[in-house]
Amino acid sequence: MDGIDVTLGRIEGPLLPALEQLLAAVLAISTGEERAAALFQGGDLVLLLERAGPGEAALSLLSTPSPARCLVQGLELELAALAAASAAAAVGLAGAEGRGADPAV
């Protein structure tokens, strides 16, 4: 996922709540759940993760305001790579906060 904007530039605002949602969804899929969701922008964007096979997850992104639409559907990712990228984002954000950076950036 490095360098790929799966939200198509639609997530703005504080990073911490979005990252918490993403980490929870990745953890759920990694520990055996078949599906998990991360809600962004108060639920206006929904990132769906589904198991797609051994060691793989399929990512879909939905926009819920009327008219609801699917922005990305079934993008298959290696689950280990998704988990590693999510963990790296958390470590990076924690490091930035430790240096006094604004987590809303």
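Computed from a predicted model, the values in this text were never measured in an experiment.

Q: In this structure, what is going on with the overall build of the chain? I would like to understand it.
A: Across its full length, the chain carries two helices and four strands. Mapped in sequence order, the helices and strands of the chain form the string α-β-β-β-β-α. Every one of the 105 residues in the chain was classed for burial, and the buried ones make up 29%. Restricting the contact set of the chain to residue pairs at least 6 apart, pairs at least 24 apart contribute 35%. Counting every atom, the chain has about 6100 Å² of accessible surface; 58% of that belongs to carbon and sulfur.

Q: Mind showing me how you'd approach the nonpolar core here?
A: Soluble globular proteins tend to bury their nonpolar side chains together. One finds I29, F40, L47, L49, L59 and L82 to be the most contacted residues of the largest nonpolar core, which totals 19 residues. Contributions of two or more residues to this core are made by α1 (15-30), β1 (35-40), β2 (45-53), β3 (56-63), β4 (69-78) and α2 (79-98). Filtering out sequence-adjacent residues up to four positions away, L49 remains in contact with A25, V26, I29, E34, R35, A36, A58, L59 and L82.

Q: Any chance you could explain the pairing of β4 here in plain terms?
A: In this structure, β3 lies alongside β4, joined through seven bridges in antiparallel fashion. From the neighbouring strand, L59 faces β4, where its bridge partner is L75. What sits between the antiparallel neighbours β3 and β4 is a turn of five residues.

Q: Explain the environment of T31 here, please?
A: Here T31 lies in the loop between α1 and β1. On the basis of relative accessible area, T31 is assigned to the exposed category, the value being 58%. At a separation of 2.8 Å, a polar atom in the side chain of T31 contacts the main-chain carbonyl oxygen of L27. At 3.3 Å, the side chain of T31 forms a polar contact with the backbone oxygen of A28.

Q: Can you walk me through the sheet that holds β3 in this structure?
A: Hydrogen bonding along the main chain pairs the strands of a sheet, whether they run parallel or antiparallel. Taking strand neighbours across the sheet as the criterion, the four strands line up as β1-β2-β3-β4 in an open arrangement whose pairing is antiparallel. Of all the strands in the sheet, just β1 and β4 have a single pairing partner and so form its edges. Neighbour to neighbour, the strand axes of the sheet diverge by 20° on average, direction disregarded. Pairing of β2 with β3 involves eight bridges; the strand directions are antiparallel. Bridge assignment links L49 to a residue of β3, and that residue is L59. Against the sheet, α1 contacts β1, β2 and β3, and its axis sits at roughly 180° relative to β1.

Rules and cut-offs
Residues numbered from 1 in each chain as written. Predicted model: local features only at pLDDT ≥ 70, side-chain atom pairs only at ≥ 80, totals over all residues. Heavy atoms only, no water. Helix = DSSP H or I, 4+ residues; strand = E, 2+ residues; numbered from the N terminus. Buried < 20%, exposed > 50% of the residue type's maximum accessible area, 1.4 Å probe, protein only. Contact = heavy atoms within 4.5 Å. Areas by Shrake-Rupley, 256 points an atom, 1.4 Å probe, with all protein chains shown as cover. Core = buried A, V, L, I, M, F, W, Y, C linked by side-chain atoms within 4.5 Å. Pairing = 2+ DSSP bridges. Polar contact = N/O pair within 3.5 Å; in protein donor to acceptor, adjacent residues only side chain to side chain. Axes fitted to C-alpha atoms, helices over the stretch in contact; angles between N-to-C directions.

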